Amino acid sequence: MKELSRLLGSVPGSATMAVSEKARQMRAAGKDVIGLGGGDPDFATPDHIVAAAFAAIEDGATHYPPAKGVPEALTAVAAKMARDNGVKVDPLSQIIITPGAKWAIHLALSAVTNPGDEILYLEPCWASYPPMITLSGGTPVPVGLTPADNYAITADAIRACVTDRSKALMVNSPNNPTGRVMTEEEADAVVEVALEHDLYVLADEIYEHLIYDGRRNISLSALPGMAERTLTINGASKAYAMTGWRMGWLVAPAPIIALASKLSSQAVSSAASFSMHATAAALNGPQDCVAEMCASYASRRDFMVEALNAIDGVHCRNIEGAFYLFPSFPGSDRDSIQMAEFLIEEALIAGTPGVAFGSTGEGHIRFSIATAKDDLERSVERLAQVAPRL
């Protein structure tokens, strides 16, 4: 048989999905595995959003929608950008609704990348960033951030990785997996280097509404000089517990959206029509459901951080946003893959190895707290029992 794709063969599969799949298989075999590997909120999608989807279906929203999105969803995203982010955009030319935020990232990368272009990303990062850069034809270039200074973003750290082939920088705040929220000083550092070296900036704001202790999200596209070079990725999955609805969006300058729309129309046609109507209801409707879920995550965070730090051999930083903890295990002679394997086999706890998020994530395990409180309590009890053997 002739050779299959070398490009696809060169990229890894999703580490988080692999962990979730192993947990599912072990549960099917009768083992009581606690799944802390994925990022799927345990909340049900709020009732008014579900009702809007049913109403849209009953009203006939079951046919092909416009490739960029139905007008109701495009208008809702534009209104949300003005309201929450201080950014005014044209709903018809600067937005595309996508089947999930991951597809929005792929469109953004594909629209700005040519073969040989280097795409910088802050590491630790979501495990899909480097493979997606490769699949878009770019070269992934990590900007290593370290736990020693709480993963601080500095202009010098970014600048040290810039070359004459650098095309764009990917920024994720709140960050998956570290839970860091970008400060004003860090945002200024990103802007400084982007303007200095004429870089596009891909701003992944999917956890925008999950921020704690009075901090706030900083939208890079709202800062001086950034509107024409910033591609903002977001979606309904995390804030509204809509992971299965596959609803994301890309907001960018009109020429970029035009290119993204070409690819999307040729590859997936569009997002689902009734899901877009549900997303419009989510963005336009009452937001108390978001605040309630965020408060619950904050409570779980407080419990888990204190409980993990009470276990000998475990160190867990507090998080500022998103719903992941990124504990380390000082003194262990296992790498993060070995630790993750030990935890799922010996403690029946499924976590994602830190190295999946880049070399600077080594020594850590990512635990999702987007799961029931009793599962979190049981996971701490189990970890305490096996910690002496870690």
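For the structure, check the block above.
Rules and cut-offs
For every chain, the first residue of the written sequence is number 1, and numbering continues from 1 onward in sequence order. Under the rules for a predicted model, residues below a pLDDT of 70 receive no local features and side-chain atom pairs below 80 are neither given nor counted, while totals for whole chains, interfaces and linings still include all residues. Here the side-chain values reflect all heavy atoms present in the structure, with hydrogen atoms and water set aside. Pairing between strands is defined by DSSP: at least two bridges between them are needed. Per the convention used, a helix needs a DSSP run of H or I reaching at least four residues, while a strand needs a run of E reaching at least two, with both numbered from the N terminus. The contact criterion used is simple: two residues touch if any of their non-hydrogen atoms lie within 4.5 Å. Axis definition: a line fitted to C-alpha atoms, limited for helices to the stretch in contact. Angles are taken between N-to-C directions and run from 0 to 180 degrees. By convention in these notes, a salt bridge is any Lys or Arg side-chain nitrogen within 4 Å of a carboxyl oxygen on Asp or Glu. For the exposure calls, accessible area comes from a 1.4 Å probe over protein chains only, and a residue counts as buried if that area is under 20% of its type's maximum, exposed if over 50%, partly exposed in between. Under the rule applied, a polar contact is a pair of N or O atoms within 3.5 Å (in protein, one hydrogen donor and one hydrogen acceptor; residues adjacent in sequence only if both atoms are side-chain atoms). In summary, the pairing rule links any two rings of Phe, Tyr or Trp, Trp by its six-membered ring, whose centres are within 6.5 Å, and it sorts them by plane angle into stacked for under 30 degrees, edge-to-face for over 60 and tilted for everything else. Here, a charge over a ring means that NZ of Lys or CZ of Arg falls within 6 Å of the ring centre while also lying within 35 degrees of the ring normal.

Enquirer: So what about the sheet that holds strand β11 (residues 352-353)? Which residues, and what values?
Expert: An order of β9-β12-β11 is seen for the 3 strands of this open sheet, with the pairing classed as antiparallel. Unpaired on one side and paired on the other, β9 (324-325) and β11 mark the two borders of the sheet. Here 2 bridges tie β11 to strand β12 (residues 365-368), and the two strands are oriented antiparallel to one another. Bridged to T352 within β12 is R366. Its contacts with the sheet place helix α12 (residues 336-347) against β11 and β12, and it is angled at close to 45 degrees to β12.

Enquirer: Kindly report on the environment of A160, identifying the contributing residues and their values.
Expert: Of note, A160 is situated in the loop between α7 (155-159) and β5 (166-172). In sequence terms A160 and V386 are 226 residues apart; their C-alpha atoms lie 41 Å from each other.

Enquirer: Let's hear about the pattern of salt bridges: which residues, and what values?
Expert: According to the stated counting rule, one finds 25 salt bridges in the structure shown. For K80, the salt bridge is made with D84, and the minimal N-O distance between the two is 3.4 Å. With K80 and D84 both in helix α4 (residues 71-85) and 4 residues apart, this pair spans about one turn of that helix. Since its relative accessible area comes to 1%, K80 is described here as buried. Residue class for D84 comes out partly exposed when judged on its relative accessible area of 33%. Two residues, K80 and E208, come together in a salt bridge whose shortest N-O distance is 2.9 Å. Note that K80 is positioned in helix α4 and E208 in the loop between β6 (200-204) and β7 (230-235), a separation of 128 residues in sequence. Linked by salt bridges that have partners in common, R180, E186, D213, R215, R301, D302 and E320 make up one network.

Enquirer: Go over unusual backbone geometry, please, and point to the residues and values.
Expert: The step from E123 to P124 runs through a cis peptide bond, and the omega angle for that step is 10 degrees. By the element assignment, P124 lies in the loop between β3 (118-123) and α6 (129-135). Although it is not a glycine, A241 sits at a positive phi angle of roughly 55 degrees. When you line up the elements, A241 lands in the loop between β7 and β8 (248-251). Residue A241 is classed as buried on the basis of its relative accessible area of 7%. A positive phi angle, close to 70 degrees, is found at S269, a residue other than glycine. The residue S269 is located in the loop between α9 (254-267) and α10 (273-284) in this model.

Enquirer: So what's going on with the environment of E362? Residues and values would help.
Expert: By secondary structure assignment, the location of E362 is in the loop between β11 and β12. Since its relative accessible area comes to 34%, E362 is described here as partly exposed. Separated by 25 residues in sequence, E362 and I337 have C-alpha atoms that sit 8.7 Å apart. Beyond its immediate chain neighbours, meaning those up to four positions away, E362 contacts D335, S336, G354 and V355. A distance of 2.6 Å separates a polar side-chain atom of E362 from the backbone nitrogen of S336.

Enquirer: An account of the packing of aromatic side chains is requested, with residue identities and associated values reported.
Expert: A full pass over the atoms with the stated rule returns 7 aromatic pairs. Ring centres 5.1 Å apart and planes at 55 degrees place the aromatic pair Y297 and F323 in the tilted group. A residue pair is termed long-range when its members are at least 10 positions apart, and Y297 in helix α11 (residues 288-309) and F323 in the loop between α11 and β9 qualify at 26 residues. Assessed through its relative accessible area of 0%, F323 is described here as buried. Three or more aromatic residues joined by ring pairs make a cluster, and in this case those are F43, Y207, Y297, F323 and Y324. One cation-aromatic arrangement involves R334 over F342; the distance from NZ or CZ to the ring centre is 4.4 Å. Here K373 stacks its cationic end above the ring of F303, 5.0 Å away from the centre of that ring.

Enquirer: Describe the sheet that holds β7, listing the residues and the values that go with them.
Expert: Here we have 7 strands laid out as an open sheet, ordered β2-β8-β7-β6-β5-β3-β4, and mixed in their pairing. In the strand order of this sheet, the two ends are held by β2 (95-98) and β4 (139-144), each with one partner. In this sheet, neighbouring strand axes are inclined to one another by 20 degrees on average, regardless of whether the strands run parallel or antiparallel. Note that β3 and β4 share 6 bridges and pair parallel. Paired with I119 across the two strands is P140, which belongs to β4. Against the sheet, α4 makes contact with β2, β7 and β8, and its axis sits at roughly 115 degrees relative to β2, the strand it touches most. Relative to β7, helix α5 (residues 101-112) is tilted by about 165 degrees, and along the sheet it contacts β2, β3, β5, β6, β7 and β8.

Without other data, these values stay purely geometric and don't point to any function.
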